[in-house]
Number of protein chains: 2
Amino acid sequence: MSSANGDLTARARIRDAAIELFAERGIAPATIRDIAERAGVSSGLLRHHFGSKDGLREACDEYAMSKMTEIRERMLGPNAMADPAILAAVHPAAMLLQSYLVRSMMEASSTSLFDAAMESGRVWLQHADHHPGDPDAYLAVLIAMKISMFLMRDQISQVLGQDMTTPAGHRRMLRASIEIFTLPMLTTEQGEQALKALDSLIGSTEREQS
Amino acid sequence: MSSANGDLTARARIRDAAIELFAERGIAPATIRDIAERAGVSSGLLRHHFGSKDGLREACDEYAMSKMTEIRERMLGPNAMADPAILAAVHPAAMLLQSYLVRSMMEASSTSLFDAAMESGRVWLQHADHHPGDPDAYLAVLIAMKISMFLMRDQISQVLGQDMTTPAGHRRMLRASIEIFTLPMLTTEQGEQALKALDSLIGSTEREQS
DNA sequence: TTGACGGCTACACGGGCGTGTAGTTCACTA
DNA sequence: TAGTGAACTACACGCCCGTGTAGCCGTCAA
């Protein structure tokens, strides 16, 4: 995956450089000229191979997803249901790929990536001893929360003074998230209390409505 | 806050329009021409009042934060420590302001907004009966998770078929998040197991390292 | 040897962006 | 009443973006 690898075909180098830059800056801010430069080719060749910037993005989507499942199957065997965050904490390439996929998910017009995450969440819910009152909302928020760790890695890195892109940094983040998901932040009473406070606030707002 | 309000000064209308558009599209994709158009003024006037796009953003930051504390104090009294998400679920203006602040936090070069959230998180931790092993990482991830609900509202809205911008939609999301933070997703054993799996995977990766 | 074709480059085009500048209107004041 | 400055507009500049086009160079089959 390193862009310094000159053995790869130009097409592969472009694709790898694109995934790197898309992951670093986001889709829109990453320009095809910068991608071409990092790949060591002209920007025209990028067009020649992928047609357009969006075509390149689709190729990256496809490649990143297939590569992620390949890594998962190689590390955990087929049929394994593993959190992408765990792989990313362990495997450097998975980290990059997952960062890219999250960026793509954020800026894409379609929600196909999010839909896929929802679907695999539903089968997970079936095997779990959870029965949330609003399963879809529960899953959607949960997915958003997991994604957020990748989305805000720059801010988190700066605040914690450690690069969350590195396996070590990401592992630190992952440990914290496991802690969050293990020790409940609110007791059941506090949860009900929060919901009641919410409902009572609604009434007061409807009365004033600045 | 409505941009249809012609009673406000042009400066206020520009600022409100900017917050709306910044919140809708993000800072970079929102152009000063579109902001000026929504405010019903020329783009030059925007420059006249705020100097530059970045100056406008800073003015919006300042305004949004002061307005948020004003709303919080009006609804809950001073010295109240409330989750912004709760206010957003109840108060339409707070929803917009919080959406803007999250966008700004994501795209800003400085982490001052994130730092502020960390600081208020630390005082919360002191009064809580939590003692996470890595408090800073715990808080950073927690803040990222809360923010994610605003960050991914477009995707969540599309997946759930309901606009999360509306108080009703956001309330649905908030209920789900309360559920997540109340019922632990992992038992303590599962948590330890996950950490052990993590550590064992590290060894296997260091051995192969593709 | 020739011709065709894919890989590849150089460069120009059109558009949208933030920014800069000159000028107009208008309320207030000395 | 003349002057002064703030509010506001119109318009042009320069930059960078994705895209389009023309052409070069090597390989390989006929």
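Residues numbered from 1 in each chain as written. Chains lettered and ligands numbered in written order. Predicted model: local features only at pLDDT ≥ 70, side-chain atom pairs only at ≥ 80, totals over all residues. Heavy atoms only, no water.

1. Structural notes on the overall build of chain A
Stated precisely, the cut-off is as follows: Going along the chain from the N terminus, every DSSP run of H or I of four or more residues is numbered as a helix, and every run of E of two or more is numbered as a strand. Here the term buried applies to any residue with accessible area under 20% of the maximum for its type, exposed to any over 50%, and partly exposed to those in between, with areas from a 1.4 Å probe on protein chains only.
Of regular secondary structure, chain A possesses 11 helices and 0 strands. For chain A, the succession of helices and strands along the chain, N to C, is α-α-α-α-α-α-α-α-α-α-α. Seen through its C-alpha atoms, chain A measures out along the principal axes to roughly 60 × 50 × 35 Å. Looking at chain A as a whole, 48% of its 210 residues qualify as buried.

2. So, the environment of Ala117(A)
All names here are of chain A. Residue placement: Ala 117 occurs in helix 7 (residues 112–127). In this structure Ala 117 comes out as partly exposed when scored by relative accessible area, which is 22%. When the C-alpha positions of Ala 117 and Leu 139 are compared, they lie 8.9 Å apart, and in sequence the two are 22 residues distant.

3. So, helix 9 (residues 153–160) of chain A
Residues and elements named next belong to chain A. The buried fraction of helix 9 amounts to 6 of the 8 residues, a majority that puts the element mostly inside the structure. If you check which residues of helix 9 are buried, you get Arg 153, Gln 155, Ile 156, Ser 157, Val 159 and Leu 160. Phi turns positive, to about 65°, at Gly 161, one or two residues after helix 9.

4. Details of the relation of the copies chain B and chain A
A rotation about some axis, followed by a shift along it, carries one copy of the chain onto the other. The criterion, for reference: A least-squares fit on C-alpha atoms brings the copies together, and the residues used are those whose pLDDT is at least 70 in both copies.
Once chain B is rotated about the relating axis by 180° and shifted along it by 0.0 Å, it coincides with chain A to within an RMSD of 0.1 Å. With respect to symmetry, the two chain copies, as superposed, fit the operation of a two-fold axis.

5. Notes on the protein's contact with DNA strand D
Operational definition: Nearness of a residue to a molecule or strand requires only that one of the residue's heavy atoms be within 4 Å of it. Polar contacts here mean pairs of N or O atoms no more than 3.5 Å apart (in protein, one a potential hydrogen donor and the other a potential acceptor; neighbouring residues in sequence count only if both atoms are side-chain atoms). Each residue is assigned to one of three groups, with Ala, Val, Leu, Ile, Met, Phe, Trp, Tyr, Cys and Pro labelled nonpolar, Asp, Glu, Lys and Arg labelled charged, and all others, Gly among them, labelled polar.
Taken together, the neighbourhood of DNA strand D is formed by 15 residues, with Ile32(A), Arg33(A), Arg47(A), Lys53(A) and Ser42(B) sitting nearest. Here the atoms of DNA strand D within 4 Å of the protein split so that 60% fall in sugar or phosphate, with bases taking the remainder. The contact in question runs from a phosphate oxygen of DNA strand D to an N or O atom on the backbone of Ile32(A), over 3.1 Å. In the model, a phosphate oxygen of DNA strand D is placed 3.1 Å from a nitrogen or oxygen of the His49(B) side chain. The element best represented in the surface near DNA strand D is helix 3 (residues 43–50) of chain B, accounting for 4 residues. By residue class, the composition of the surface near DNA strand D is 5 nonpolar, 6 polar and 4 charged.

6. Re the interface of chain B and chain A
Operational definition: Every residue pair with non-hydrogen atoms within 4.5 Å of one another is taken to be in contact. Here the quantity called buried area is the accessible surface, traced with a 1.4 Å probe, that two parts lose on coming together, added over both. Note on definitions: salt bridges are taken to be side-chain nitrogens of Lys or Arg within 4 Å of carboxyl oxygens of Asp or Glu.
Taken together, the contact pairs 69 residues of chain B with 69 residues of chain A. For the pairing of chain B and chain A, the buried interface totals around 6400 Å² over both sides, and the portion due to carbon and sulfur atoms is 73%. The interface formed by chain B and chain A includes 4 salt bridges. The partner of Arg172(A) in a salt bridge is Asp134(B), and the shortest N-O contact between them spans 2.6 Å. Looking at the side of chain B that touches chain A residue by residue, the classes come out as 41 nonpolar, 18 polar and 10 charged.

7. Comments concerning the packing of aromatic side chains
As a reminder of what qualifies: Only Phe, Tyr and Trp rings take part, Trp by its six-membered ring, and two of them pair if their centres are within 6.5 Å. Stacked means planes under 30 degrees apart, edge-to-face means over 60, and tilted covers everything else. For a ring to carry a charge above it, either NZ of a lysine or CZ of an arginine must fall within 6 Å of the ring centroid while also lying within 35 degrees of the normal to the ring plane.
Under the definition given, this model contains 2 aromatic pairs over all chains. Sitting over the ring of Tyr63(A), Arg15(A) keeps its end group 3.7 Å from the ring centre.

8. Details of the protein's contact with DNA strand C
The environment of DNA strand C is formed by 15 residues, the closest being Ser42(A), Thr31(B), Ile32(B), Arg33(B) and Arg47(B). When atoms of DNA strand C within 4 Å of the protein are sorted by moiety, sugar and phosphate together comprise 62%. Side-chain polar atom of His48(A) to a phosphate oxygen of DNA strand C: 3.4 Å apart, as the coordinates give it. In this structure, a phosphate oxygen belonging to DNA strand C sits 3.2 Å away from a main-chain N or O atom of Ile32(B). Here the surface near DNA strand C takes 4 residues from helix 3 (residues 43–50) of chain A, the largest share from any one element. Taken together, the residues of the surface near DNA strand C sort by class into 5 nonpolar, 6 polar and 4 charged.

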